[in-house]
Structure formats: structure tokens, C-alpha cells
Amino acid sequence: MQFTAMILSNIEVSPGYWRMRMTAPPECAAARPGQFVMVRVNGAIDPLLRRPFGIFDVGTYTPVQSGAVPQPYLEMLYRVVGKGTAMLSTLHGSDLLDVLGPLGKGFDLAAAEEEKLIVGGGVGLAPLYLLAKELVKGSKVRLFAGGRTRDDILCITEFERLGIECYTATEDGSLGECGLVTEALLRRLKLLRGRATMYACGPHGMLNAVAGIAAEHSIPCQVSLEGYMACGVGACLGCVTQGHSHSADNPDYRCVCTEGPVFESGELKWGE
Amino acid sequence: MKSTIKPATKPDMTVNLAGMKLRNPVMTASGTFGYGEEFAQYVDLESIGAFVTKGLSLKPRAGNPTPRIVETPGGMLNAIGLQNVGIDAFIAKKVPFLRSVDTPAIANFFGSNIDEYAEMARRLDKISEVAALEVNISCPNVKQGGIVFGTDPECAASVVSACRAVTNKPLIVKLSPNVTDVVVMARACEDAGADALSLINTLTGMAIDLNRRRPILANITGGFSGPAIKPIALRMVWQVAKAVKLPIVGIGGIMNATDALEFMLAGATAVQVGTASFINPGAAQRIAEDMEAWLVANGVADIKSLIGALET
């Protein structure tokens, strides 16, 4: 669905990373973890296309005026990477946005018993918070957050408030362990003797590593991908990613916006 | 309080395009509207004049490697590479939906040689749910995706006559702007038996990532579309409209009703909305509604009176 959202807040949570809350119709606030929205930053022709953003959180808030009833809201966490997101970061409360969504296939929450290991890096943490909120209702959940520096480790307090144990690692050692967060993930997997389900969203290198770990330990793993897309509804075919059997002679492309953005890691082709 | 304003009479929005009566001149452009079904939840398909499918080929095509699209100021480049389900899957999976919609569905198609073009035309001709054919002789993104046929008037004429020989459905030829003189191409297609011409397809362009010293698109070049190309498209529609008798479908950067009406003044009988549907999936419907509102506001009773009505 397409709707006009009013921005409620737009805050820089870490250098270059912003968290925006906006009003949303009830249908959008019922979004499943892993779904995304396409946002038009303004009505002009530059930037021309909408930008896709993972849904960070949904909930209800009560407006300040007396007698107000709780209203649904939607939150997204985004990184300023170009002109569109730079303009988005200059918007304020009560500004209006044109939003399309929720779109795409979200995470499959899987069976409750097994421990759920969530792996995220940088802005890849965006769709994982709503997922964590759902998962903690039935399972033990651990978060593994990695980044280049401490600035890339976002909203950890929010995850901790859910009662989730969080591991952090940074490549420069400025927060948590020095190195890649997959090291901590591997240690946990060893303790669990591979009885776990994994969920990941982050830079390609991180997803590639997590998918490799999942394959090696035969653990179910879902990854949420980013795609450069024009429409978000399966028409432009710009955002495709390679399926596991893809080759030059036997092409296998999947549409990130409609067949994803969440895929079983085994469905996709990964680098060596 | 009684209104003193007389209710405006509803203007006649219908146009005739090569024998098809369209409820209004607004169509959707190939490659921007899937096979129609994808947009049913965003657009009342029965509020637009017609819709055009993603370009179809005999065999399914996977398309180009990624990145396939990039935005540039006022437009976007795409190099999808004619990814499509192929004619068999189109018939099995997409045609049943077309039956449920009371709006002409136009099949866009291409081939890698003249025989394939003719075979596609022959097979599409048998599908009663397909109201008309749009021949793509102008895709810039694959070596054999049509542009060879779209830049040489003799090649274009042989494709058109081969298709003409096997179909009685309206045959629309989609022209490339990547030529020295679009009028030469238009005349060649008219002489070869086309019923209408649609123009323009995308302009070949490219974008570069300075820091990586690499092209942004995996295909290096792509087709440029969006509001930035509208002046070029308007000029070509105007040139072709003066030179041929065939009805013209104007395409190129149409974002709103004003743009669409300008194309009609330049000589277009109908228009196609492309990139705008990516930004607002409901764009085509909105444009049709706004065009009607403009006619009402300006006391124009029949939209057909605007076709080619440019005063120079």
C-alpha cells in the first residue's frame, strides 16, 4: 500500500546512522520482520527513485493532545550513503513522506525450541530488531553485531532491553572483541553442537561468511539482502541476485524485492 | 446553497489507435509494468487505456548481470537485458490474468533474427487476450535485442514485413532514438506495413564510478529513461508525426498529465508511462484522471482535438 507518513522523529543514533519514526496505517504497522518500505524522499525529480529501507520497528504511540488514542508507527534505521539518504536525514518531525509498503517476504520465524542466533553488521541490524522482538517470545536469542568501528554497532541497548545477550566485535577493536563477530558466533555454535537457527543481515562479506558457516554446520540460515532497485514491486528487475545454481550457461536470478529480501542462505550463490 | 456553476460535461477521453478503441490515451510502457498482474493492487487496470507487457521472446531470458540499474539526475539507466519468462510461460501463467481485465493488453516482443520475430508474431497472433503487438526493434542492452534492427531502415522494414505477414492484429513498432534520423526509420516501418509507431525507447547512456574507475552498470552502458529525456522524446514525436500518416504513441519521461498532454499536442494519439510507474505504481491511473481534469478545466470536450494541435 501507498501512504503519506508524518515523521515523528529523526535522530542520528551514531555518526552517519539515523533512526526515523513515522506514522503508519495499521496495515503497515502489521509488517512482518524482514519486510521493507520504499520511501520517496521528496516530490522532486532528483532524487527520482524511491529508496528501500528495512523496517526496524513497529508499535503504537499516544499523541500528546488530550483524549488521543494510541496510533501505529513505523521505524527505520538508515545510513547516509548518498544524496537521497542525506536529504532524508535533514527532515524533521511533522514533515511528510510518501511511503510504499510493507513489501517483500519477511523472515520465517521457525520452530521455537532451538536457540536463535542473529548476526548483523552496521545498518544490517535494521530488520533484525523487529525479528528479535518476535523471536524472544518463544526462543532463546543471541545477537552477534559486527562492524568496522564502534560507530557501526547500532542500537545494542534496544536489543539488550529485550533480554537478548549481545556479542559485539569491531575490526579496529574500538568496541567489543577485536576482529570479526563470526568468531564469537563459531564459539557459540560449538557450545550448542550446531543446534541453532541463524538469521543474518549485513555487508556482503559478513553474509558470505555466515552462509559458509551455515553450510558447514548444516544449520538453517536466513539472510536478508539489500538490492539496488527502482520499484520494489517486481517490475524493474534491477535488484536480482544469483540463485545457487546460477552459471553463465544456466542463469538463475531471484528478485530481491518480491522473492526476498529474505532468502534461505542455501538458495543463493555465494563467493568462494 | 444552490450551486451556480453548471456541472461540466464529461469530456470524451477515448482515442482510436490502429483500430483499437482505448478508453483514454494512457498506456503503460513495456518493462515498467510487469505483465499487468504485479500492479493490480496499485492501479485500477480498467482506468487506463491499455497496458504493455515486458518484452517477450521465444525462449525465457535471464537477463544481464548486476548492477543493472543506476539513478542519475532526473533519470535512470537500466541494463536489464530483456529478462522475461518466454512465450510458453507467458501463455501458461500470464495470459489467464489478462482475460480477467477489460483493458487491451499489448504484447511487446523481440527476436534475435527475422525468423524469430516472425515466429513470435505468429504465436502472439493466436492469443485472443492479446489485443495488439508491439515490436521491439530498439532494445539497447543486448547485442541481439533488436537495436541492430532498430538502427538500420532496411533491417527494420524486413522485421516489420515479416511480422505483418503473419498477423492481423494491430502492429505497433517501437522505435529507437539512437539513430541519426528517426524519420527515416519511421518511414521505413510505415512502408513495411506497421499500423502505429511508439517512440521513444531509451537512449543509450552510461555512468561511471570515479573512485573505482569503473562503469557502474555491469553491462557498461544502459538505456536512459525518466523526465530528463522528455525534451528529446517530444522533439522526435513531433518530427515523426509530421512525416508519417500512422498514429503515434508518445513515450519518454512522462511523469504527469501535463507531460502526457504535451506529447498529444506534438502529435501523439496515445502515450506510454514508463519510469513513473516505478516511482508511483499508480502513476498511469493518476495521469489519466488528471488529463481528464485538465480537459474539464480548459473546456476541451474531446481529447482527440488535441492530437497534433501544436501551434507553431
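So, how was this worked out
- Residues numbered from 1 in each chain as written.
- Chains lettered and ligands numbered in written order.
- Predicted model: local features only at pLDDT ≥ 70, side-chain atom pairs only at ≥ 80, totals over all residues.
- Helix = DSSP H or I, 4+ residues; strand = E, 2+ residues; numbered from the N terminus.
- Rg over C-alpha atoms; globule rule 2.2 N^0.38 Å.
- Buried ≥ 20, exposed ≤ 12 C-beta atoms within 10 Å, placed from the backbone.
- Contact = placed C-beta atoms within 7 Å.
- Nonpolar A, V, L, I, M, F, W, Y, C, P; charged D, E, K, R; others polar.
- Expected span 1.5 Å × (residues − 1).
- Pairing = 2+ DSSP bridges.
- Axes fitted to C-alpha atoms, helices over the stretch in contact; angles between N-to-C directions.
- Left-handed = near helix turned anticlockwise from the far one by under 90°.
- Domains from an automatic or database assignment.

Looking only at helices and strands, one finds 6 helices and 15 strands in chain A. Here the C-alpha radius of gyration of chain A, 18 Å, is about what a compact globule of 272 residues would show, namely 19 Å. When its C-alpha atoms are laid out on the principal axes, chain A stretches across 55 × 45 × 35 Å. With 272 residues in all, chain A has 48% of them scored as buried.

What chain B contains, in helices and strands, is 9 helices and 16 strands. Expressed as lengths along the three principal axes of its C-alpha atoms, the size of chain B is roughly 65 × 50 × 40 Å. Of all intrachain contacts in chain B linking residues separated by at least 6 positions in sequence, the fraction that spans at least 24 positions is 71%.

Moving on, we get to the interface of chain B and chain A. Across the contact, 26 residues belong to chain B and 20 residues belong to chain A. Taken together, the residues of the side of chain B that touches chain A break down into 12 nonpolar, 11 polar and 3 charged.

Residue and element names in this part refer to chain B. Between the first and last C-alpha of helix α2 (residues 114–125) there are 16 Å, a value that for 12 residues agrees with the 16 Å anticipated at 1.5 Å per step. Those residues of α2 not exposed but buried are Y117, A118, M120, A121, R123 and L124. Contact partners of the buried residues in α2: α1 (86–99), β7 (105–109), β8 (130–136) and α4 (153–164).

Below, the discussion takes up the pairing of strand β14 (residues 221–225) of chain B. Residue and element names in this part refer to chain B. Burial within β14 is extensive, with 4 of its 5 residues counted as buried. Two strands pair when backbone bridges link them, and strand β6 (residues 75–78) and β14 are joined in this way by 3 bridges, in the antiparallel orientation. Directly across from N78, in β14, lies its bridge partner G223. Inspection of the sheet shows strand β11 (residues 203–206) paired to β14 by 4 bridges, in the antiparallel sense. Residue pairing in the sheet places M206 in a bridge with T221 of β14.

Omega for the peptide link from A:G260 to A:P261 comes to 10°, which places this bond in the cis form. Tracing the backbone through its elements, the reader meets A:P261 in the loop between β14 (253–254) and β15 (262–264). The peptide bond linking B:L199 to B:I200 adopts the cis configuration, its omega dihedral lying at 15°. One can find B:I200 in the loop between β10 (196–199) and β11. Positive phi values are uncommon outside glycine, yet A:S94 reaches one of about 80°. Among the residues examined, A:S94 registers 8 C-beta atoms within 10 Å and is labelled exposed. In this structure, B:I220 is a non-glycine residue whose phi angle is positive, near 70°. Note that B:I220 resides in the loop between β13 (214–215) and β14. On the neighbour-count criterion, B:I220 (12 C-beta atoms within 10 Å) is exposed.

Residues and elements named next belong to chain B. Interaxial distance between α2 and α4 falls to 8 Å at its minimum, and their mutual angle equals 30°. Where α2 crosses over α4, the handedness of that crossing is right-handed. Residues I114, Y117, A118 and A121 of α2 form the contact with α4, whose participating residues are S158, V159, A162 and C163. Looking at the contact of α2 with α4 residue by residue, the class counts come to 7 nonpolar, 1 polar and no charged.

Another point: the sheet that holds strand β3 (residues 26–28) of chain B. Residue and element names in this part refer to chain B. Reading around the circumference, β3-β4-β7-β8-β9-β10-β15-β16 is the order of the 8 strands in this closed barrel, with parallel pairing throughout. This sheet shows a mean twist of 25° between the axes of neighbouring strands, independent of strand direction. Strand direction decides the pairing type here: strand β15 (residues 248–251) and strand β16 (residues 270–273), joined by 3 bridges, are parallel. Its bridge partner being in β16, I251 is matched across the sheet by Q272. Sheet contacts for α2: β7 and β8; angle to β8, the most-contacted strand, approximately 170°.

The next thing to look at is the environment of A:V210. All names here are of chain A. Mapped onto the elements, V210 comes out in helix α6 (residues 204–217). Taking the C-beta count within 10 Å as the criterion, V210 has 28 such neighbours and is therefore assigned buried. Distance in space between the C-alpha atoms of V210 and V81 is 24 Å, their sequence separation being 129 residues. Beyond its immediate stretch of four places on either side in the chain, V210 contacts V119, T182, M198, A200, C221 and V223.

What follows covers the sheet that holds β14(B). Residues and elements named next belong to chain B. Spatially, 4 strands are ordered β5-β6-β14-β11 in an open sheet, and the strand pairing comes out antiparallel. Among the strands making up the open sheet, the edge pair consists of β5 (69–72) and β11. Here the strands of the sheet are splayed against their neighbours by 40° on average, with no regard to which way each runs.

Moving on: the domain arrangement of chain A. Residue and element names in this part refer to chain A. The domain architecture assigned to chain A consists of domain 1 (2–103) and domain 2 (115–267). Computed over C-alpha atoms only, the centres of domain 1 and domain 2 are separated by 22 Å. Each side of the interface is counted separately: domain 1 has 23 residues, and domain 2 has 20 residues. Counting only elements with at least two residues in the side of domain 1 that touches domain 2, the list comes to β1 (2–14), β3 (36–40), β4 (51–61), β5 (71–79) and β6 (96–103).

Let us now look at the environment of B:I137. Among the secondary structure elements, B:I137 is positioned in the loop between β8 and α3 (147–150). Sequence separation between B:I137 and B:T151 is 14 residues; the distance between their C-alpha atoms is 8.3 Å.

This next bit is on α6(A). Residue and element names in this part refer to chain A. End to end, α6 covers 20 Å across 14 residues, agreeing with the expected 20 Å (1.5 Å per residue, within 8%). Along α6, the residues that are buried comprise M206, L207, A209, V210, A211, I213 and A214. At its buried positions, α6 is contacted by β7 (115–121), β8 (141–147), α5 (182–192), β11 (196–201) and β12 (221–224). Of the residues one or two after α6, S218 is the one with positive phi, at around 50°.

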